[in-house]
Each structure stands twice: as structure tokens, then as C-alpha cells.
Amino acid sequence: MPRNQFQRMVFAFLTVVVTVHAYVFYSLYVVNGSTLMSVNETNSVLDAINKQGGVYMLGGMFPIWTVVLIEFCLAYLLELVMGSPCSFKLAVRVFNPRETHPVLFETAIICATVGLMCPAMSFIAAFLYYPYYEGFNILTLLANWLKLVCFNFPFAFFTQLFFIQPLIRKVFKLLFRKDIANRKQMQAEEQPQEETIKEIPTEEIEEETVATA
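Residues numbered from 1 in each chain as written. Predicted model: local features only at pLDDT ≥ 70, side-chain atom pairs only at ≥ 80, totals over all residues. Heavy atoms only, no water.

*Asks:* How would you sum up the overall build of the protein? Please name residues and give values.
*Replies:* Check the secondary structure of the protein and you find seven helices and two strands. Per-residue burial for the protein yields a buried fraction of 34% across its 213 residues. Restricting to contacts in the protein with at least 6 residues of sequence separation, those with at least 24 account for 63%. When the accessible area of the protein is evaluated, it comes to approximately 13900 Å², of which 65% is carbon and sulfur surface. (Helix = DSSP H or I, 4+ residues; strand = E, 2+ residues; numbered from the N terminus. Buried < 20%, exposed > 50% of the residue type's maximum accessible area, 1.4 Å probe, protein only. Contact = heavy atoms within 4.5 Å. Areas by Shrake-Rupley, 256 points an atom, 1.4 Å probe, with all protein chains shown as cover.)

*Asks:* Give me the confidence of the model for the protein: which residues, what numbers.
*Replies:* A residue-level look at the protein finds 87% of positions with pLDDT of 70 or above and a mean pLDDT of 85. Per-element confidence in the protein is highest for helix α6 (residues 138-175), whose mean pLDDT is 93, and lowest for helix α7 (residues 177-212), whose mean pLDDT is 57. In the predicted structure, residues 202-213 sits below a pLDDT of 50 and forms zero contacts with residues beyond four places in sequence or in another chain. (pLDDT = per-residue confidence, 0-100.)

*Asks:* How would you sum up helix α4 (residues 64-94)? Please name residues and give values.
*Replies:* Along α4, the largest kink reaches about 55° and is centred on E79. For α4, the complete set of buried residues consists of T66, V67, V68, E71, F72, A75, Y76, L78, E79, G83, S87 and A91. Looking at the buried residues of α4, the elements they touch are α1 (5-31), β1 (55-57), β2 (60-62) and α5 (102-128). (Bend = angle between axes of the 7 residues up to and from the residue.)

*Asks:* Just give me the short version of the environment of V16, but keep the residues and values in it.
*Replies:* Its place among the elements puts V16 in helix α1. Residue class for V16 comes out buried when judged on its relative accessible area of 5%. Expressed as a C-alpha distance, the spacing of V16 and C73, which sit 57 residues apart in the sequence, is 9.0 Å. Ignoring any residue separated from it by four or fewer positions in sequence, one finds V16 in contact with F72, A75, Y76 and E79.

*Asks:* Describe the packing of aromatic side chains, naming the residues involved and giving the relevant values.
*Replies:* Scanning the entire structure with this criterion turns up 18 aromatic pairs. Seen in terms of ring centroids, F25 and Y29 are 4.9 Å apart; in terms of plane orientation they differ by 20°. Their pairing is stacked. With a gap of four residues between them, F25 and Y29 both fall in helix α1, about one helical turn apart. Judged by relative accessible area, which is 47%, F25 ranks as partly exposed. On the basis of relative accessible area, Y29 is assigned to the partly exposed category, the value being 36%. Taking the centre distance of 5.1 Å and the plane angle of 75° together, the rings of F123 and W145 count as edge-to-face. Here the residue F123 occupies a position in helix α5, and W145 occupies one in helix α6, the gap between them amounting to 22 residues. With a relative accessible area of 29%, W145 lands in the partly exposed category. Clustering of aromatic rings is evident, with ring pairs tying together F6, F11, F172 and F176. (Phe/Tyr/Trp six-rings, centres within 6.5 Å; stacked < 30°, edge-to-face > 60°.)

*Asks:* Explain the environment of F153 to me, using residue names and the numbers behind them.
*Replies:* Relative to the elements of secondary structure, F153 occurs in helix α6. Considering only alpha carbons, one finds F153 and P119, 34 residues apart in sequence, at a separation of 8.0 Å. Apart from the residues within four sequence positions on either side, F153 is in contact with V114, G115 and C118.

*Asks:* Describe the state of the cysteines, listing the residues and the values that go with them.
*Replies:* Counted by the stated rule, this structure contains zero disulfides. The thiol of C118 is not disulfide-bonded; the next cysteine sulfur, from C150, is found 9.3 Å away. A relative accessible area of 5% means that C118 is categorised as buried. (Disulfide = S-S within 2.5 Å.)

And the structure:
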């Protein structure tokens, strides 16, 4: 897993690229697909989006690629500033990384990340997709935020735990396989030294016992 700032940025970049595309698909096709096709009287979501001139955001219509780009920038910044560092700290409060199985510790990090990022990104989305043409009301914004969290949290939890994070970890290991191999070699070289250091006090005690006898 990431060991320095560069690797953390790469890991976050890969995660956000896959996650944002998955969320845009989920939002447009699964959550709002039927409404889009019904309002625009089309048989496909893509035709509905093209007919209405794009995806509604910030009071206007934008192409899908613009929506993906805006959400990517916001999610990547939030992941670097809050998601990645805070999720690790939360996981460390519950589990000791040295004593906990790596799979269990990684699962704790994923759960913490979803618990932080899902409400935060849903709050941002509530601003981005708020129906400004009807005026602005803080209670409507909060209600939309709660609705988005209810829609997004199950999707975020299961996709991150069973699909996105396993995929990203595979890709990350391929990209940094040399660094990972060197790290394992260094750990293998350090282990015999630690065992030797642990044996020294025992030998000294035996020598002192023989000398006393």
C-alpha cells in the first residue's frame, strides 16, 4: 500500500477516476434514468440527456464530460485533504496495524473512507444539482443532501469494498511492483537481525549462570 506522498496521490487518483465514473453512471442511469426518459419521452437515458442539452448542474446544462471533470476535481481534492489521511487515523484508533491482519485493516480503512467521503460528496452534490430555478431554501438543500446520502451510501459501501478498492489495489501493485519487491526484501533482511538481537540477552543470562555455578 502507499508509503509516501507520491504513492498516496497516485492511489487517490486511481480511486477517484473509477469512483467518479461509477457515481455519474449510477446517478444518471440508476437513480434518475426513468425520470429523464419520461420527461424527455425517449427510450434511452443518453438520448434523453442529448435531447435536453446535457446534464443539469449549477442551474444550467453541461455535457457529461464536464460533469465528470468537475466532480473528479472536487472528489480528488477532498480525498487528499480529508478522505485518505482521516480514514487511516480512524482505522488506527480501532486496530493496531502491526497486530491486525492486513485484509481486516484495509477493510477498516475502506469503511472509514466511505463514512467520511459519502456524506461530504453528497453535500457537495446537493449544491451542484440543487434546482436553483425554483429559488433557494436551506431546508430543501438539507433534505436533498439526506436523500443523496440514502441513495449513495449503500452503492458506495458495496462498490468500494467488493469492486473498486480490490481493483485499485491490483493496479497499484502492478505500477509499484519494483518498490513493493524491494520493500519485502528489506523486511526479510531485517527479520534475522531482529531475531539475533532478541537472542543476545538469553545467551548472556546463560553465561552468567554458568559463571556463578
